[in-house]
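If you want the building blocks of each chain, they are given just below.
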Amino acid sequence: MQYRTRFAPSPTGYMHLGGLRTALYAYLFAKKNNGVFILRIEDTDRERQVEGTAEIIYETLAEVGLTYDEGPDVGGPYGPYVQSERMEIYREHAEMLVKRGHAYYCFCGKEELDEQRLIHHASRVSHKYNKHCANLSSEEITRKLSEGTPCVIRQNVPEEGKVFFNDCVYGRIEVEKNTLEDQIILKSDGFPTYNFANVVDDRLMGVTHVIRGNEFLSSTPKHVLLYEGFGWEPPVYIHVPTIMRTADKKLSKRDGDAYFGDFIAKGYLKEAIVNYIALLGWSPGGEKEKFSLAELVEAFDIEGISKSPAIFDIKKLDWLNGEYLRAMDGEEFHDKALPYIKEGVKRDIDTRMVAKLMKDRVERLTEIPEQLDFIDALPDYSLELYTHKKMKTNAESAGQMLAEIFPVLERLDDWRQEAIHETLMALVERLGCKNGQILWPLRVALSGKAQTPGGGIEIAVILGKGETLARISHALGKLK
Ligand code: GLU
């Protein structure tokens, strides 16, 4: 049997991190088993839909490499893969279920339903539809249909017995059928509800394994009953735990941590995000934590999915992202870092040199601009910065050293790093001082900061001779 999984998002907004993880698991499971991964757009809830968001789904999946074998924009043998294009199929299947006695037409209008709700409320019984229309005579039904009375189709849930299924993660789930309502499966406007369309499509698209968030665990008994009603075998269910911000708080739009795009905007790499979310709720076992998509396919296993909520750990994502940045070669890092370098520095500088200095210093690309802020304009700094115990310097000795450095650099024409280095080392020798007594004051004078990418010599190269000398003389003025 060929395994077939699907990702079935509703186009209601940006790509949620939890949704992306569901897609990832469905992809990994299919690919691991030489199966087929399907994308299906569930757009029958017209009110919740947001224009243009199906495109975001296609783009995001393509961006992170979750290539689907069948889907709206790539086609496939079981299309269309957009639910709003399958309306006829749902009607036919709803009617099929009516014929089999597992669904019925319901003509109750808003007034009747409100009245039932009030009665239930008054007598303190939990409300569910009272099956009034399940007992209409066939003559009455035919008459109402031919008169064009507005109606819906409801699932006919048996009043006795239990329904159960075995979830691969949560185990056996069993509920009393009488706790389930005769839910609407086809609305009066002809649109199916989520529960119904989802079941019909999973079946018609040959889905063998349903992988989705555990918020659907409670709907699954209704789905199983629909399968039974049709006389179909249900798929294998794999519900995955919710991603939480903390033990009792979900990821949220307000905290800016809900969407894939939020993380891209914060300077995380897509590979690191995918790697990280794979580990949220699933453990490969063993120590290895950095996985490419191909390695994830290799390692993925349903057994590794845990049922406890997955707590999002931003520190771990930062670390993993840093690992990806450090693993890049110089050229690739330069290309990725360039927009951020340009954001931080307007002056014309050697961006390759800056990129090289930044590579091992950041976990996120967005940290780059602020680390380079001293290049365009020297910040106002305190003279205390010149004091550094280990380097054996303070403001007084720094003043003396900078006075020695200035003329030496002024005479130097070759402004390459090696030449500056040699010149300053010769000065160290002549003065009989420590390297730090020259280099620390230089760094502070050129950057106004205690921490910089690179030391005084690298900064001098980046700034160029004119600006270097100007900053040293500015320092000498301050130190006087
Ligand atoms: N359309 C549902 C959603 O937006 C799909 C649930 C499922 O995968 O069955 O999450």
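Please refer to the structure placed before this passage.
Another aspect to go through is the site of the ligand. The immediate surroundings of the ligand are formed by R6, A8, S10, E42, Y194, N198, R212 and F216. Interatomic distance of 3.0 Å between a side-chain N/O atom of Y194 and an oxygen atom of the ligand. In the environment of the ligand, an oxygen atom lies 2.9 Å from a nitrogen or oxygen atom belonging to the side chain of N198. When grouped by side-chain class, the residues that make up the shell around the ligand number 3 nonpolar, 2 polar and 3 charged.

Okay, the side chain of Q183 next. Secondary-structure assignment places Q183 in the loop between strand 6 (171-176) and strand 7 (184-186). Residues contacting Q183, with those up to four places away along its chain left out, are I153, R154, Q155, N195, K222 and L226.

Our focus in this paragraph is unusual backbone geometry. Between G79 and the following residue, P80, the backbone shows a cis peptide bond with an omega angle of -5°. Along the polypeptide, P80 turns up in the loop between helix 2 (53-64) and helix 3 (87-99). Backbone geometry places R124, a non-glycine residue, at a positive phi of 55°. Look at R124 and you get exposed, because its relative accessible area is 78%. Phi at K392 takes a positive value of approximately 55°, unusual for a residue other than glycine.

Let us now look at the sheet that holds strand 7. Pairing in this open sheet of 3 strands is antiparallel, and the strands run 3-4-7 from one edge to the other. In the strand order of this sheet, the two ends are held by strand 3 (103-106) and strand 7, each with one partner. Within the sheet, the average angular offset between the axes of one strand and its neighbour, ignoring direction, is 45°. Bridge count for strand 3 against strand 4 (residues 152-155) is 4 bridges, and the pairing is antiparallel. Paired with C106 across the bridge in strand 4 is V152.

A sheet is described by the order of its strands in space; here 3 strands give the open sequence 11-10-12, paired in mixed fashion. Looking along the sheet, the strands with just one partner apiece sit at the ends: strand 11 (249-250) and strand 12 (310-311). Inspection of the sheet shows strand 10 (residues 243-246) paired to strand 12 by 2 bridges, in the parallel sense. Bridge pairing in strand 12 places M244 opposite I311.

Further remarks concern the nonpolar core. Among the nonpolar cores identified, the biggest contains 144 residues, and L61, F333 and I368 are the most heavily contacted of them. In terms of residues, this core owes the most to one element, helix 1 (residues 17-32), which gives 10 residues. If we skip the residues at most four places from it in the chain, I368 touches F333, A337, Y340, I341, M358 and V362.

Procedures and definitions
- Residues numbered from 1 in each chain as written.
- Predicted model: local features only at pLDDT ≥ 70, side-chain atom pairs only at ≥ 80, totals over all residues.
- Heavy atoms only, no water.
- Near = heavy atom within 4 Å.
- Polar contact = N/O pair within 3.5 Å; in protein donor to acceptor, adjacent residues only side chain to side chain.
- Nonpolar A, V, L, I, M, F, W, Y, C, P; charged D, E, K, R; others polar.
- Helix = DSSP H or I, 4+ residues; strand = E, 2+ residues; numbered from the N terminus.
- Contact = heavy atoms within 4.5 Å.
- Buried < 20%, exposed > 50% of the residue type's maximum accessible area, 1.4 Å probe, protein only.
- Pairing = 2+ DSSP bridges.
- Axes fitted to C-alpha atoms, helices over the stretch in contact; angles between N-to-C directions.
- Core = buried A, V, L, I, M, F, W, Y, C linked by side-chain atoms within 4.5 Å.

On their own, these measurements won't tell you what the molecule is for.
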